[in-house]
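# Summary of structural features
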Amino acid sequence: MALDEYKKKRNFIITPEPEGSVQGIEDEFVIQEHHASHLHFDFRLSLDGVLKSWAIPKGVPLEKGVKRLAVETEDHPIEYLNFEGVIPEGQYGSGEVKIWDRGKFHLVERTPDRIVIDIEGTKLRGRYALIRFKGKEKDVKNWLLIKTK
Ligand code: MN
């Protein structure tokens, strides 16, 4: 099951994060500003009935041609599109989560190593490509997020 890793990492009695039951919302994205041990941005796309997720240490690129490292993380439940709150100390990802941008996307291209989308958010607009690093096994979770137009 796609959410097994997500559920295994969390104690839903303690964390305010959603456990996950909604299925099938496609074409929505969210970017969350996550004040965990290291500030990062979580980029999530609704695909395959879950939120495909990447952590972006330096934030999403706003200008054409700019590339940012995006590290693939576990699938999150669809309800996470709306999640804002504080993950308690001692829990996985503890710290404050705020929605940085939200909106729709249109899927232009998708292969196992490449996702191209047109984004219509409030802050983010335009075409973005996610491209998986090639090569060694340790790199398989590393992608580049590029604004292409
Ligand atoms: Mn995070």
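The preceding data block contains the structure.
In short, a report on the structure.

### Description of the nonpolar core
- Counting residues in each nonpolar core, the largest one holds 20 residues, and the members touching the most others are Phe43, Leu45 and Leu130.
- Ignoring anything within four residues of it in the chain, the contact list for Leu45 reads Glu28, Phe29, Val50, Leu51, Lys52, Trp54, Phe105, Ile115, Ile117 and Leu130.
- Core analysis: the next-biggest nonpolar cluster, separate from the first, contains 11 residues, Leu3, Tyr6, Leu51 and Leu81 among them.

### Overview of the environment of Lys58
- Inspection of the secondary structure assignment puts Lys58 in the loop between β3 (50-56) and β4 (67-76).
- For the pair Lys58 and Glu137, spaced 79 residues apart in sequence, the C-alpha separation works out to 23 Å.

### Some details on the coordination of the manganese ion
- Every protein donor of the manganese ion is listed here as His34 (ND1), His40 (NE2) and Asp42 (OD), and their distances to the metal cover 2.1 to 2.3 Å.
- Taken in chain order, the donor set of the manganese ion reads H-x5-H-x1-D.

### Considering the pattern of salt bridges
- Counting across every chain of the model gives 14 salt bridges.
- Measuring nitrogen to oxygen at the nearest pair gives 3.6 Å for the salt bridge that ties Lys104 to Asp27. Of the two residues, Lys104 sits in strand β6 (residues 95-111) while Asp27 sits in the loop between α1 (4-8) and β1 (28-35), which places them 77 residues apart along the sequence.
- Two residues, Arg127 and Asp118, come together in a salt bridge whose shortest N-O distance is 2.7 Å.

### Considerations on unusual backbone geometry
- Here the phi dihedral of Asp48 falls at roughly 60°; this positive angle occurs in a residue that is not glycine.
- Along the chain, the position of Asp48 falls in the loop between β2 (39-47) and β3.

Thresholds applied
Residues numbered from 1 in each chain as written. Predicted model: local features only at pLDDT ≥ 70, side-chain atom pairs only at ≥ 80, totals over all residues. Heavy atoms only, no water. Core = buried A, V, L, I, M, F, W, Y, C linked by side-chain atoms within 4.5 Å. Buried < 20%, exposed > 50% of the residue type's maximum accessible area, 1.4 Å probe, protein only. Contact = heavy atoms within 4.5 Å. Helix = DSSP H or I, 4+ residues; strand = E, 2+ residues; numbered from the N terminus. Donors = N, O, S within 2.8 Å, 3.2 Å for Na, K, Ca; no water. Salt bridge = Lys/Arg side-chain N within 4 Å of Asp/Glu carboxyl O.

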